[in-house]
Amino acid sequence: MDKTDLSLYEFFQMFPDEESARKYFEKKRWNGKIVCPHCSSDNIHECKDHSPMPYRCRKCRKFFSVRFGTILEESKLPLHKWLFCMYLMRANRKGISSVQVGKILGITQKTAWFLCQRIREVWMKTTKNKLDGIVEIDETYVGGLEKNKKKSQQRGWGRGPSGKLIVVGGRSREGQVISCVVQDNKKETLHGFINENIEKGSTVMTDTWKSYNGLTNFTHHKINHSVREFVRGIVHTNGIESFWAILKRGYYGIYHYMSEKHLNRYVHEYSFRYNTSKGNVLDFLGKTIEMMDGKRLMYCDLVK
Ligand SMILES: [Zn+2]
């Protein structure tokens, strides 16, 4: 585990059991004012016998728990394990394998894998603020070599070792990253990413890849890596490249293999951890719980 601002010992002092974890989830979701997830009424009765639904709405008479309407709903795992898993995912900057999570939590690898995927799902598709100021844009290529693939799985891209998956990302000089998997590295795709995620009028730094040519709405500076130019004054893409380095250490060191389908989820894991690295562990846990509302992920959708 990497150095963290909340030690494992402190984590368990703070969250010794299921009850303390449940209270934390409730606090982060409802902020002290419990509302019915069915009808939004705040006329709530707390049941004496808590399990499995601790609350009943006096208006619509339905029972509910903090899990309802979130990614937790279908899960039978204790909230304490959910919280501990999030802690582990934060504490290991390069990622943590489902084998390891399974061993630590005392659950099977398959259960651990599904748990981690659902937590990653929470970090996906968040309504982010666009990046602004000076923003470095770059793509990176991960995955197996083309020659090792079946003919039907081969893809023919020109740039970078072909057959790899493409991830595009932007990093503001304040240290915020937006990143996702894309289908190709053509002009339309990369311009689409930039227009969607970067505030108009920002200054964009890229390398000299031709697909970046013709950007309107931005001040565009290029750095020419092919002639070994890496920094020219404020023009460089070292920030986004440091993010790629972390992503790739995880890919090759921890996860070994990510399918195209799942890679996007891992990319969001790395982005979320990167973007919240200045805050402390509790900020990370709290933010994750706040984002759970309305998120769902079924196992059958995941393995389809
Ligand atoms: Zn209700």
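Model, not experiment: these values are computed from the prediction.

> How do you make sense of the nonpolar core when you look at a structure like this?
The biggest cluster of nonpolar side chains holds 31 residues, and the ones touching the most others in it are Leu83, Cys85, Leu88 and Cys116. The set of elements that each furnish at least two residues to this core consists of helix H2 (18-30), helix H3 (79-91), helix H5 (109-123) and helix H9 (281-290). Apart from the residues within four sequence positions on either side, Cys85 is in contact with Val101, Leu105, Leu115, Cys116 and Ile119. Counting residues in hydrophobic clusters, the runner-up holds 26 residues, among them Met205, Trp244, Tyr270 and Tyr274.

> Honestly, the sheet that holds strand S3 (residues 63-64) in this entry has me stumped. Any pointers?
As a general point, the strands of a sheet are linked pairwise by backbone hydrogen bonds and lie either parallel or antiparallel. Strand order in the open sheet formed by three strands is S1-S2-S3, with antiparallel pairing between adjacent strands. Two strands lie at the open edges of the sheet, namely strand S1 (44-46) and S3, each paired on one side alone. Bridge count for S1 against strand S2 (residues 55-57) is three bridges, and the pairing is antiparallel. By the bridge assignment, Ile44 is partnered in S2 with Cys57.

> Please clarify how unusual backbone geometry should be interpreted in this entry.
Backbone geometry follows two general trends: most residues other than glycine have a negative phi, and most peptide bonds adopt the trans configuration. Look at Ser40: it is not a glycine, yet its phi comes out positive at around 70°. If you check the backbone angles, Asn217 has positive phi at about 75° while not being a glycine. Within the element layout of this structure, Asn217 appears in the loop between strand S7 (203-207) and strand S8 (219-223). Asn217 gets classed as partly exposed once you count the C-beta atoms within 10 Å, which come to 14.

> Before we go on, may I ask you to explain the sheet that holds strand S6 (residues 177-182) in this structure?
Judged by pairing direction, the sheet is mixed, and its five strands sit side by side in the order S6-S5-S4-S7-S8 without closing on themselves. Pairing within the sheet leaves two strands with one partner each, and these edge strands are S6 and S8. On average, adjacent strands in this sheet sit at an angle of 25° to one another, irrespective of strand direction. Sheet analysis places strand S4 (residues 134-142) next to strand S5 (residues 165-172), joined by eight bridges and oriented antiparallel. Along S5, the bridge assignment pairs Val135 with Ser172.

The rules behind these values
- Residues numbered from 1 in each chain as written.
- Predicted model: local features only at pLDDT ≥ 70, side-chain atom pairs only at ≥ 80, totals over all residues.
- Core = buried A, V, L, I, M, F, W, Y, C linked by C-beta atoms within 7 Å.
- Buried ≥ 20, exposed ≤ 12 C-beta atoms within 10 Å, placed from the backbone.
- Helix = DSSP H or I, 4+ residues; strand = E, 2+ residues; numbered from the N terminus.
- Contact = placed C-beta atoms within 7 Å.
- Pairing = 2+ DSSP bridges.
- Axes fitted to C-alpha atoms, helices over the stretch in contact; angles between N-to-C directions.

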